[in-house]
Amino acid sequence: MSGEPQSERFIWNRKHLLGLRELSREELFHIFDTAEGFKEISRRSIKKAPPLRGKVVVNLFFEDSTRTRNSFSLAASRLSADVMEFTAKTSSVSKGETLRDTARNLEAMGIDIVVIRHSAGGAPHLLSRCIDACVINAGDGYHEHPTQGLLDIFTIRELRGDMTGLKVAIVGDIAHSRVARSNIWGLHTLGAQVFLVGPPTLMPSEVGKLPVTVCHDFDAIIGQMDVMNMLRVQFERIGSTVFPSVREYTRLFGLTMNRMKRAKKDVIVMHPGPINRGLELESEVADGPNSTILRQVANGLAVRMAVLFLVNQAAAQK
Amino acid sequence: MQVLLDEQEIGRLIHKLAVSITASVGESGDLALVGIRSRGDILAQRLQRILQEKGYGRIDRGTLDITLYRDDLNSMGHQQPKLQSTEIDFSVDDRMIVLVDDVLNTGRSTRAAMEALIALGRPRCIRLAVLIDRGERELPIRADYVGKVMEVPPDRRVQVYLKERDGRDEVGLG
């Protein structure tokens, strides 16, 4: 095969994707470039390519998920891998034991890549230390959700190119959001300016250590923002002390058509889904010209194909 | 690196390829050129220009990335191919496709390219044009249009440099 000087090339050598915090600029760009190459497959009539032929990908989900799980399954299928669905609940056995035992069982079946979602932050890290297979974090506790962060940033980059100095607001329940954390680290590495917007009760306790600007008044900064990522209101927290009422939340932090009048004309409106229409996002905004929600879903598939492809490449190298 | 061919010779070989392509496909009008990344695509561009100057009319051209179809993806050690886009914005169904590559060696790139192409549709036929055929085939594949056949010791590498990508036109022996 004709080649070129290998020294010019970036080598991807992570066989696990655990978070965006540890990724360099070059690594993020490499994932995005690879994802770009995968977008074309979704436009074909036969949406399949063979690079993971004969490999086994396990979806190991200890928490409910529909879209992330489906997106990973479809991504793995499009790369010709065999996909095994493994649904487990953490309720019965203590978490550490279950995870280790499950991991050993899976290893015995000869698997290659584990996609894990777990309610405990750090579970994917633990798993990566006890098995040989590649581990991809599909959300761990309030810690990280790296592929969601990647697809959000990939979508921004696709629309805006250079991220330097771009102002990105992440709005809502930051404290309980792994999506927010992955976005913060990735955006920060690429030189964007991150604003966290929400009530003080929904800010993480370690917010002072994050590379962000905190703001409790959405209207005060909305006019400067290039991107607004509206997090989902988590109903299970409504009515608690941190979250007095839905109406108050929408009045202060919901993105309504009225509030959009104060935003830049070309502002990008994002949402990780599923949307609570009329709560954090008014329907007309969600379906409006600034919304990238469906683009995010399509990009999610390409990004997950890229991640599966790259961790397998790194494993083949070792 | 020993220089085997210079700019002038490369230009002459590309013209020769263009002439042999037109001689064999005639004016059928369904010809499309598909270049294999990362230098076959540049050669395809130049061939397209020459054929159009010769009055061949409109010729579709696309670029194929064969990374996903390589048979050595899981055994490449530290040589990691980077996936790039395949850009073919026309239907390949029932077309006469000429695949364009810089060097034909083992034939494995060509096999991967055929698989990648067939994943997009069913061409009427696929032909192969290469600037250099250096032999050492590992698969039953041959080129239909060859710029130059070169006999090279098996441990040496034929490297093609093209202006659009490398700043100069040259074929070297590494």
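Residues numbered from 1 in each chain as written. Chains lettered and ligands numbered in written order. Predicted model: local features only at pLDDT ≥ 70, side-chain atom pairs only at ≥ 80, totals over all residues. Heavy atoms only, no water.

1. So, the overall build of chain B
A tally of regular secondary structure across chain B gives 4 helices and 8 strands. Reading chain B from its N end, one meets helices and strands in the order β-α-β-α-β-β-α-β-β-β-α-β. Its C-alpha atoms give chain B a radius of gyration of 16 Å, within 12% of the compact-globule value 16 Å for 174 residues. Buried positions account for 55% of the 174 residues belonging to chain B. Within chain B, counting contacts between residues at least 6 apart in sequence, those at least 24 apart form 72% of the total. With an accessible surface of roughly 7,800 Å², chain B has 45% of that area assigned to carbon and sulfur atoms. Here chain B carries 26 positive and 28 negative side-chain charges, and the mean point of each set is 1 Å from the other. (Helix = DSSP H or I, 4+ residues; strand = E, 2+ residues; numbered from the N terminus. Rg over C-alpha atoms; globule rule 2.2 N^0.38 Å. Buried < 20%, exposed > 50% of the residue type's maximum accessible area, 1.4 Å probe, protein only. Contact = heavy atoms within 4.5 Å. Areas by Shrake-Rupley, 256 points an atom, 1.4 Å probe, with all protein chains shown as cover. Lys, Arg positive; Asp, Glu negative; His and termini not counted. Charge placed at Lys NZ, Arg CZ, Asp CG, Glu CD.)

2. A few points about the pattern of salt bridges
One pass over the structure, following the stated rule, counts 32 salt bridges over all chains. Among the salt bridges present, the one from Arg259(A) reaches Asp219(A), with a minimum N-O distance of 2.8 Å. With Arg259(A) in helix α9 (residues 257-260) and Asp219(A) in helix α7 (residues 218-221), this pair connects stretches of sequence that are 40 residues apart. Sharing partners across several salt bridges, the network here consists of Asp33(A), Arg157(A) and Lys82(B). (Salt bridge = Lys/Arg side-chain N within 4 Å of Asp/Glu carboxyl O.)

3. Here we look at the packing of aromatic side chains
Residues and elements named next belong to chain A. Tallied over the entire structure, the rule returns 3 aromatic pairs over all chains. Note on Tyr-249 and Phe-253: the rings are 5.7 Å apart at their centroids and 45° apart in plane angle, and the pair reads as tilted. Here Tyr-249 pairs with Phe-253, and both are found in helix α8 (residues 246-253), just 4 residues apart, close to one helical turn. Of the two residues, Tyr-249 and Phe-253, both sit in the buried class. The ring of Phe-72 is capped by Arg-304, whose NZ or CZ atom sits 5.1 Å from the centre of that ring. (Phe/Tyr/Trp six-rings, centres within 6.5 Å; stacked < 30°, edge-to-face > 60°. Lys NZ or Arg CZ within 6 Å of the ring centre and 35° of its normal.)

4. With respect to the sheet that holds strand β2 (residues 31-36) of chain B
Residues and elements named next belong to chain B. If you walk across this open sheet you meet the 5 strands as β3-β2-β4-β5-β6, and the pairing is parallel. The open sheet has two edge strands with one neighbour each: β3 (60-64) and β6 (145-149). When strand polarity is set aside, the average angle formed by the axes of neighbouring strands in this sheet is 25°. Here 5 bridges tie β2 to strand β4 (residues 96-104), and the two strands are oriented parallel to one another. The residue bridging Leu-31 from the neighbouring strand is Met-96, located in β4. Strand contacts of helix α1 (residues 7-25): β2, β4, β5 (125-133) and β6, with the helix running at about 150° to β6, the strand carrying the most contacts. Contacts between helix α3 (residues 108-118) and the sheet are confined to β2, β3, β4 and β5, with β4 contributing the most and set at about 150° to the helix. (Pairing = 2+ DSSP bridges. Axes fitted to C-alpha atoms, helices over the stretch in contact; angles between N-to-C directions.)

5. A word on the domain arrangement of chain A
How big an interface is tends to be stated in terms of the accessible area lost upon association of its parts. Residues and elements named next belong to chain A. Domains assigned within chain A are domain 1 (6-145 + 300-317) and domain 2 (146-296). Its C-alpha centre places domain 1 at a distance of 26 Å from the equivalent point of domain 2. Listed by partner, the interface residues are 34 residues for domain 1 and 27 residues for domain 2. Each partner contributes to the roughly 2,600 Å² buried at the junction of domain 1 and domain 2, and carbon and sulfur atoms together form 63% of this total. It is Phe-32, Tyr-142 and His-145 in domain 1 that bury the most area against domain 2; as a group they hold 29% of the surface buried on that side. Joining domain 1 to domain 2, the criterion identifies 3 salt bridges. Salt-bridge contacts for Glu-63 lead to Arg-178; the nearest nitrogen and oxygen are separated by 3.0 Å. Elements with a minimum of two residues in the side of domain 1 that touches domain 2: α1 (25-39), α2 (67-78), β3 (113-118), β4 (134-140) and α11 (293-317). Among the elements that make up the side of domain 1 that touches domain 2, the one with the highest residue count is α1 (9 residues). (Domains from an automatic or database assignment. Buried area = accessible area lost by both parts, 1.4 Å probe.)

6. A few points about the nonpolar core
Ranked by size, the top nonpolar core spans 86 residues in total, and within it Phe38(A), Leu150(A), Leu196(A), Leu308(A) and Leu64(B) carry the most contacts. It is α11(A) that contributes the most residues to this core, 11 residues altogether. Residue-level mapping places this core at the junction of two domains, with at least three residues from each of domain 1 (6-145 + 300-317) and domain 2 (146-296) of chain A. Leaving out residues up to four positions away in the same chain, Leu196(A) has contacts with Ile170(A), Ile174(A), Ile184(A), Met203(A), Val207(A), Leu210(A), Val212(A), Thr213(A), Val214(A) and Cys215(A). Membership of the second largest hydrophobic core comes to 34 residues, among which are Leu13(B), Leu17(B), Ala18(B) and Tyr56(B). (Core = buried A, V, L, I, M, F, W, Y, C linked by side-chain atoms within 4.5 Å.)

7. Quick word on the sheet that holds strand β7 (residues 158-161) of chain B
Residue and element names in this part refer to chain B. Pairing within the open sheet is antiparallel, and its 3 strands lie in the order β1-β8-β7. Unpaired on one side and paired on the other, β1 (2-5) and β7 mark the two borders of the sheet. Strand after strand, the sheet turns through a mean of 35° between neighbouring axes, direction not considered. Pairing between β1 and strand β8 (residues 170-173): 3 bridges, direction antiparallel. Opposite Val-3, over in β8, you have Gly-172 as the bridge partner. Here α1 sits on the sheet in contact with β1 and β8, set at roughly 35° to β1.

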